Structure formats: C-alpha cells, structure tokens
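# Residue-level structure breakdown
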Amino acid sequence: MKDIKVMAEIKENLKSIRDQIEKTALDCGRNPQDITLIAVSKKKPVEAIVEAIQAGSIHFGENYIQEAMGKIDGIKNIAPTGLDSVCWHFIGHLQSNKSKFAVKYFDYIHTVDSLKLAKEINKQAKKIDKVQKILLQINIGMEDTKSGIIPEKTVELAEETAMLENLSIEGLMGMPPFSSDPEDVRGYFKNMVEIKKEIEHKNYAKVSMYHLSMGMSSDYEVAIQEGSTMVRVGTSIFGRR
Ligand SMILES: *Cc1c(COP(=O)(O)O)cnc(C)c1O
C-alpha cells in the first residue's frame, strides 16, 4: 500500500481530528494539551503508520502482539525521522503468556484486568529492569463480549496491583457498549470518573489516576467533555479496517 490518496487522507484526517480535539477541549474549559491522541493502527500497514509519524503523530495503539511486533520492528528498519519519540500503547486483550512481548515492545499497557496478568507483567518487567506503565481496564458496560474488570472490583485490583514494584499504575481504560448515538455512552464515562475518584481517595502508593483512556472515533468528543486524557482513534484516521 503506497496509495498516495490514502496517505494524503491520513494527514488530512489527523489534522481535522486534532482540530476537533482542540475545539472540544476549549469549549469545555480544558487544556487541549492534556489530551493525548493515540492513533490506533491495528490491521493497518507500516506505511500508514510512517505517514502518520511524518504528519506529527507520536502515540500509536496496537491490539495484537504478533502483528505489532512485526510492525514495530519494521518501522525501526525504515527509521523515519521522529521515530525516537514514538510511544506505543497496547490496547488489545493480553494473554499472560504474551506479557513478555508486551513489556518489551510497549510503553503503556492499557488492558490490565486481573491480578494474575498484573503479576505476570510485573515479573517480565523486573527481568528487564523496567517499570512498566499500565492502566486498569474496566468492563464499564459489564458486557460478556468485552474484557476488563467489573466496576466494583476495580478498587480492589488497584490496591493489589499497587504492591507490585515493577508496575506504575497510571489510570483507567474503558470502552462503553457500542451505540450510534454518542450521548448514550456519556453515563459510562461518568462512571469511569467516579471510580477514578474513588481510587484517588485511597491514596495508594505508586498509583496515579492521572489518565483516563476513553473515547474512540465515534465518541471521543463526549469522552473529552467527561475528562478523558487519552483518546484512541482508529477508523477516523486510517479509514475502515
Ligand atoms: C480498535 C480500537 C479502537 C479504535 O476504534 P475506532 O472506532 O476505529 O476509532 C480504540 N480502542 C480499542 C481498545 C480498540 O480495540
């Protein structure tokens, strides 16, 4: 895929999403710089990621370990300018036995939803002397089809995870049930904020609740209005998958 039209669209799409993020933030009294745009590049080729890097993107999200490793290594070989500053976010479901690779390749893991997984990530991080940044994923809509810890168990998971010395807990991630009307998901985002506050009040050592990773192509504006600090946008940047 060195489709010139698609490449030009990535650049334009990024510009319009950045503008929209800025406008949405300013309209609700937030600093646009407090919102990180994560370009979700799953199932998209290395060329598309390179294009986004050249258009100024720094943060990328990937869902599948195997695919991501190939692409991240591939990009290193191309070595475009600006690569040094690229930050990789793992946003897919993580099996414990793949933790080693997630730790090796990713700056952030957004999808920690059990103590077992947290312990395995901690163990792998320790081996390479890394403090791994993680977020706790909440199954905010309590859907059978989604991963994530159930809302009322999240505080407990934060407390247990806080004791693992090679993890740094940076916040919460969640994905509400799909709806064609973004207003339908506002309540779920509000619940995320409530859980975040509850954990903040506990003052666990090593637990920062700075980040709220919420909002995708269909609902990132609402997520920003409710306090998101990381929006994960795929389709609106790279097109349909
Ligand atoms: C695919 C994916 C996204 C991006 O979704 P779009 O609707 O394409 O913007 C965001 N978050 C997660 C966890 C995903 O799996």
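Whatever comes next refers back to the structure up there.
Since this is a predicted model, take the numbers as computed values, not measurements. Starting from 1, residues in each chain are numbered consecutively following that chain's sequence as written. Totals for whole chains, interfaces and linings use all residues, but because this is a predicted model, local features are given only for residues with pLDDT of at least 70 and pairs of side-chain atoms are given and counted only at 80 or more. Hydrogens and water molecules were not included; the side-chain quantities draw on all heavy atoms of the structure.

Right, let's get into the packing of helix 6 (residues 154-161) against helix 7 (residues 186-202). Axis lines are fitted to C-alpha atoms, over the contacting stretch for helices. Their N-to-C directions set the angle, which ranges from 0 to 180 degrees. By the criteria applied, helices consist of DSSP H or I runs no shorter than four residues and strands consist of E runs no shorter than two, each listed in order from the N terminus. Orientation of helix 6 relative to helix 7, taken along the N-to-C sense of each, is 40 degrees, at an axis distance of 10 Å. Taken together, the axes of helix 6 and helix 7 lie oblique to each other. Handedness of the helix 6/helix 7 crossing: right-handed. Contacts from Thr154, Val155 and Ala158 of helix 6 reach helix 7 at Ile195, Glu198, Ile199 and Lys202. For the contact of helix 6 with helix 7, a count of residues per class yields four nonpolar, one polar and two charged. Here roughly perpendicular refers to angles of 65 to 115 degrees, roughly parallel to angles under 35, roughly antiparallel to angles over 145, and oblique to all remaining angles. Two helices that cross are described as forming a left-handed crossing if the nearer one is turned anticlockwise from the farther one by less than a right angle, and a right-handed crossing if clockwise. Should any heavy atoms of two residues lie within 4.5 Å, those residues are counted as being in contact. In this classification, Asp, Glu, Lys and Arg are treated as charged, Ala, Val, Leu, Ile, Met, Phe, Trp, Tyr, Cys and Pro as nonpolar, and every other residue, Gly included, as polar.

How far a helix is expected to stretch is found by multiplying one less than its residue total by 1.5 Å. With 13 residues, helix 5 (residues 115-127) extends 18 Å from end C-alpha to end C-alpha; this agrees with the ideal 18 Å at 1.5 Å per step. Partly exposed residues are those whose accessible area sits between 20% and 50% of the maximum for their type, while under 20% is buried and over 50% is exposed, using a 1.4 Å probe and protein chains only. Inspection of helix 5 places Leu117, Ala118, Glu120, Ile121, Asn122, Gln124 and Ala125 among the buried residues, and these make up the whole buried set. Looking at the buried side of helix 5, the elements it contacts are helix 4 (99-105), strand 4 (108-112), strand 5 (132-138), helix 6 and strand 6 (167-174). After helix 5 finishes, the residue Asp129 shows a positive phi value of roughly 60 degrees.

If a single non-hydrogen atom of a residue is within 4 Å of a molecule or strand, that residue counts as near it. Contacts to the ligand come from 13 residues, most closely from Lys42, Asn63, Ser217, Gly234 and Thr235. The backbone of Gly234 places a nitrogen or oxygen atom 2.8 Å from an oxygen atom of the ligand. Pairs of N or O atoms within 3.5 Å make up the polar contacts considered here, provided that, within protein, one atom can donate a hydrogen while the other can accept it, and that residues adjacent in sequence are counted only when both atoms are side-chain atoms. At a separation of 2.5 Å, an oxygen atom of the ligand approaches a polar side-chain atom of Thr235. With the chains in place, 90% of the 390 Å² that the ligand exposes on its own is no longer accessible. For accessible areas, the Shrake-Rupley method is used with a probe of radius 1.4 Å. Any residue's cover is judged against the shown protein chains and nothing else.

In this section: the packing of aromatic side chains. Any two rings among Phe, Tyr and Trp, with Trp reduced to its six-membered ring, count as a pair given centres within 6.5 Å; such a pair is stacked if its planes are under 30 degrees apart, edge-to-face if over 60, and tilted if neither. Tallied over the full model, the rule gives two aromatic pairs. Between Phe60 and Trp88, the ring centres sit 5.6 Å apart and the planes meet at 40 degrees, which makes this aromatic pair tilted. Here Phe60, found in strand 2 (residues 59-62), pairs with Trp88, found in strand 3 (residues 87-90); they are 28 residues apart in sequence, far enough to count as distant. Look at Trp88 and you get buried, because its relative accessible area is 7%.

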